[in-house]
Amino acid sequence: MAELLSGFYHITQSENINETDWKVRVMLNPQHSLYAGHFPQQPVVPGVCTLQLVRECLNRGTGRRFRYAAIRECKFLEMVVPQADELLEIDIRLA
């Protein structure tokens, strides 16, 4: 399984709550070269990278290989801004 980008993030903790729920803590690398184009003065994780990150966490947590068949609508309520020494907590629930 190829990961999003080498050095973009690393998983610090992964917890299987039950058979449909996972909690993953991720450390983003705010110095990654991706942010040079998105955006140099105010780095923000691109939405497509956020979706890929969630999929990779789910794949790793379950040991299975998931893919998005379709995304009809996707709304991000907040920007994901990488900060040094700050964890991103991802809660995943399979429906």
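What comes next is a walk through the structure. Quantities reported herein were computed from a predicted structural model and do not represent experimental measurements.

1. Section: the environment of Val 81
At step 1: Relative to the assigned elements, Val 81 resides in the loop between α1 (47–62) and β3 (87–93).
At step 2: We classify Val 81 as partly exposed; its relative accessible area is 25%.
At step 3: Taking C-alpha positions, Val 81 is 17 Å from Leu 4, a pair spaced 77 residues apart along the chain.
At step 4: Leaving out residues up to four positions away in the same chain, Val 81 has contacts with Gln 42 and Pro 43.

2. Observations concerning the nonpolar core
At step 1: In this structure, Phe 8, Val 26 and Leu 28 are the most contacted members of the largest nonpolar core, which totals 17 residues.
At step 2: Beyond its immediate chain neighbours, meaning those up to four positions away, Leu 28 contacts Phe 8, Tyr 9, Val 45, Leu 53, Val 80, Pro 82, Gln 83 and Leu 88.

3. A short note on the pattern of salt bridges
At step 1: Under the defined criterion, the tally for this structure stands at four salt bridges.
At step 2: Two residues, Arg 25 and Glu 89, come together in a salt bridge whose shortest N-O distance is 2.9 Å. Here Arg 25, found in strand β2 (residues 21–28), pairs with Glu 89, found in strand β3; they are 64 residues apart in sequence, far enough to count as distant.
At step 3: Residue Glu 89 is classed as partly exposed on the basis of its relative accessible area, which comes to 39%.

4. Re the packing of aromatic side chains
At step 1: In this structure the tally under the stated criterion is two aromatic pairs.
At step 2: Measuring from ring centre to ring centre gives 5.9 Å for Phe 8 and Tyr 35, while their planes differ by 35 degrees; the resulting arrangement is tilted. Of the two residues, Phe 8 sits in the segment before β1 (9–18) while Tyr 35 sits in the loop between β2 and α1, which places them 27 residues apart along the sequence.
At step 3: Residue Phe 8 is classed as buried on the basis of its relative accessible area of 0%.
At step 4: Site record: aromatic cluster; members linked through ring pairs are Phe 8, Tyr 9 and Tyr 35.

5. Some words on the layout of surface pockets
At step 1: Its boundaries defined by the atoms lining it, the largest pocket holds a volume of some 280 Å³.
At step 2: Taken together, the elements giving at least two residues each to the lining of the largest pocket come down to α1 and β3.
At step 3: In the lining of the largest pocket, the residues fall into eleven nonpolar, one polar and three charged.
At step 4: Taken as a whole, the second largest pocket encloses approximately 170 Å³ of empty space.
At step 5: Looking at the lining of the second largest pocket, the elements that each hand over two or more residues are α1 and β3.

Thresholds, definitions, all that
Residues numbered from 1 in each chain as written. Predicted model: local features only at pLDDT ≥ 70, side-chain atom pairs only at ≥ 80, totals over all residues. Heavy atoms only, no water. Helix = DSSP H or I, 4+ residues; strand = E, 2+ residues; numbered from the N terminus. Buried < 20%, exposed > 50% of the residue type's maximum accessible area, 1.4 Å probe, protein only. Contact = heavy atoms within 4.5 Å. Core = buried A, V, L, I, M, F, W, Y, C linked by side-chain atoms within 4.5 Å. Salt bridge = Lys/Arg side-chain N within 4 Å of Asp/Glu carboxyl O. Phe/Tyr/Trp six-rings, centres within 6.5 Å; stacked < 30°, edge-to-face > 60°. 1 Å grid on protein atoms, 1.4 Å probe; cavity = no way out; pocket = protein on both sides within 12 Å on 5 of 7 lines; lining within 4 Å. Points joined across faces, edges and corners; volume = space filled by probe spheres on them. Nonpolar A, V, L, I, M, F, W, Y, C, P; charged D, E, K, R; others polar.

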